[in-house]
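Residues per chain, in single letters:
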Amino acid sequence: ITETTAGEFLVPARPRPRPVENMCLSGYMPVVEAVHRGNRIRLCLDTGAALSVLYLPFYNRHRGEINARSRGRETTVGGVGTSRKIAVRVLDEFDFRAGGRDLALKKVIVQTEGTHPDTRYFHGVLGTDLLALCSRMTLNFTSMSFVLE
């Protein structure tokens, strides 16, 4: 399955083989492997989320650097029927490698507390802001690969 920045959603009759297995599923949620400063991190992929967010495990691993390089603020998080304010940090830039590309997202929120089960087990979530950095994003469920072009 390929999603393009033009809003096209492509499902090829015969997917191209992809040698890299860099994706798995947690329930129905794709989880992709990324690398930040030489460390492997697990990021959920949520095409329903507008923005990418880093979760508590990422914050705990890089707390000193994040606190030194970011500013604190409050934001509202929530789901169906509930919402609450939490303290977050905002990184001016988050550099990482995923899907075969070196990437840099601007103004990334880092949650400093857990808000739901995924925030305990994964380092963050990639939203559709990722598509602004590439022309297409391909999820190959046969080879379990995530490719950005």
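Residues numbered from 1 in each chain as written. Predicted model: local features only at pLDDT ≥ 70, side-chain atom pairs only at ≥ 80, totals over all residues. Heavy atoms only, no water.

Enquirer: How should I be thinking about the nonpolar core in this particular structure?
Expert: In globular proteins that are soluble, nonpolar side chains generally tend to be buried together. Ranked by internal contacts, the top residues of the largest apolar core, which has 26 residues, are L43, L54, F96, L126, L130 and F146. Counting eleven residues, the second-largest nonpolar core is a separate cluster that includes V88, V90, I109 and V125. (Core = buried A, V, L, I, M, F, W, Y, C linked by side-chain atoms within 4.5 Å. Buried < 20%, exposed > 50% of the residue type's maximum accessible area, 1.4 Å probe, protein only.)

Enquirer: How should I be thinking about the pairing of strand β8 (residues 82-98) in this particular structure?
Expert: Regular strands place side chains that alternate from one sheet face to the opposite one. Here two bridges tie strand β4 (residues 29-36) to β8, and the two strands are oriented antiparallel to one another. Among the inter-strand pairings, V35 is bridged to a residue of β8, identified as R97. Where β8 meets strand β9 (residues 101-111), ten bridges bridge the pair, whose relative direction is antiparallel. Across the sheet, the residue bridging to D95 is A104, located in β9. Count of turn residues in the β8/β9 antiparallel hairpin: two residues, of which G99 carries a positive phi of about 60°. (Pairing = 2+ DSSP bridges. Helix = DSSP H or I, 4+ residues; strand = E, 2+ residues; numbered from the N terminus.)

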